[in-house]
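These are the residues of each chain, in order.
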Amino acid sequence: MMKEMKNGVFTYNDESYNFDFKTSLSAHDKQIFVKSVIDNLISDDLYDVVIKDLIFDFMIVAVFTNIDTSFINMKDDDGDNINPIIIIEHFLEETNVVDIIKENMDDGLLEE
């Protein structure tokens, strides 16, 4: 199946960023998406299931886009790791990336 790629723009921390995203997923990409969600919600010992919507939306960003999600491994001014959930929550609250993807994806894709 041929995947359509589209472009979008989001603003984060007062800077605009261009990004590419898929409107559908190949069977392989669907497998990666499902495995990512399972690994983060079911297999995780941090009980991320209580924040499943947040993790699910972040997996949409990670799998559907070319956005570098390594920013979740940020450190504070003292060099200590910042909790990735705090960073993910801030990113999702401050951007409309997930909305852009959901508005443009093939009908019924997430229900599959």
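Note that this is a predicted model, so its numbers are computed, not measured.

What counts and what doesn't
Residues numbered from 1 in each chain as written. Predicted model: local features only at pLDDT ≥ 70, side-chain atom pairs only at ≥ 80, totals over all residues. Heavy atoms only, no water. Salt bridge = Lys/Arg side-chain N within 4 Å of Asp/Glu carboxyl O. Buried < 20%, exposed > 50% of the residue type's maximum accessible area, 1.4 Å probe, protein only. Helix = DSSP H or I, 4+ residues; strand = E, 2+ residues; numbered from the N terminus. Core = buried A, V, L, I, M, F, W, Y, C linked by side-chain atoms within 4.5 Å. Contact = heavy atoms within 4.5 Å. pLDDT = per-residue confidence, 0-100. Patch = residues over 30% accessible without salt bridge, like charges linked within 9 Å, V, L, I, M, F, W, Y side chains within 5 Å. Areas by Shrake-Rupley, 256 points an atom, 1.4 Å probe, with all protein chains shown as cover. Lys, Arg positive; Asp, Glu negative; His and termini not counted. Charge placed at Lys NZ, Arg CZ, Asp CG, Glu CD. Expected span 1.5 Å × (residues − 1). Pairing = 2+ DSSP bridges.

Attention shifts here to the pattern of salt bridges. Side chains that differ in sign of charge can pair as their charged atoms come close. Enumeration over the complete set of coordinates arrives at two salt bridges. The shortest N-O distance in the salt bridge between D29 and K22 comes to 3.1 Å. Grouping residues by exposure puts D29 and K22 together as buried. Close ionic contact of K102 with D57 constitutes a salt bridge, the shortest N to O distance being 3.5 Å. One end of the pair, K102, is in helix α4 (residues 97-104); the other, D57, is in helix α2 (residues 52-64), and 45 residues separate them in sequence. Its relative accessible area of 37% is what places K102 among the partly exposed residues.

By size, the foremost hydrophobic cluster in this structure holds 28 residues, and its most contacted members are F33, F64, F91, L92 and V97. Looking at this core, the elements with two or more residues in it are β1 (5-12), β2 (15-22), α1 (27-41), α2, α3 (84-94) and α4. Examining the composition of this core, we find that eight residues originate from one element, α2, more than from any other. Ignoring any residue separated from it by four or fewer positions in sequence, one finds L92 in contact with L54, D57, F58, V61 and V98.

This brings us to the confidence of the model for the protein. Summary statistics for the protein give a mean pLDDT of 85 and a share of 87% for residues scoring 70 or more. Ranking the elements of the protein by mean pLDDT puts α1 last with 82 and β2 first with 95.

Moving on: a negative patch on the surface. Judged by side-chain charge, E4, D106, D107 and E111 come together as a negatively charged surface patch. You can see E111 is positioned in the segment after α4.

Before going further, it helps to spend a moment on the environment of E103. Relative to the assigned elements, E103 resides in helix α4. Placed 80 residues apart in sequence, E103 and T23 show a C-alpha to C-alpha distance of 9.1 Å.

This part covers the environment of I51. Along the chain, I51 falls in the loop between α1 and α2. Judged by its relative accessible area of 23%, I51 falls in the partly exposed class.

Let's shift gears to α2. The end-to-end C-alpha separation of α2 is 18 Å, in line with the 18 Å expected for 13 residues at 1.5 Å each. For α2, every residue scored as buried is listed here: L54, I55, F58, M59, I60, V61, V63 and F64.

Okay, the pairing of β1 next. Of the pairings in the sheet, the one linking β1 to β2 comprises eight bridges and is antiparallel in character. Bridged to F10 within β2 is Y17.

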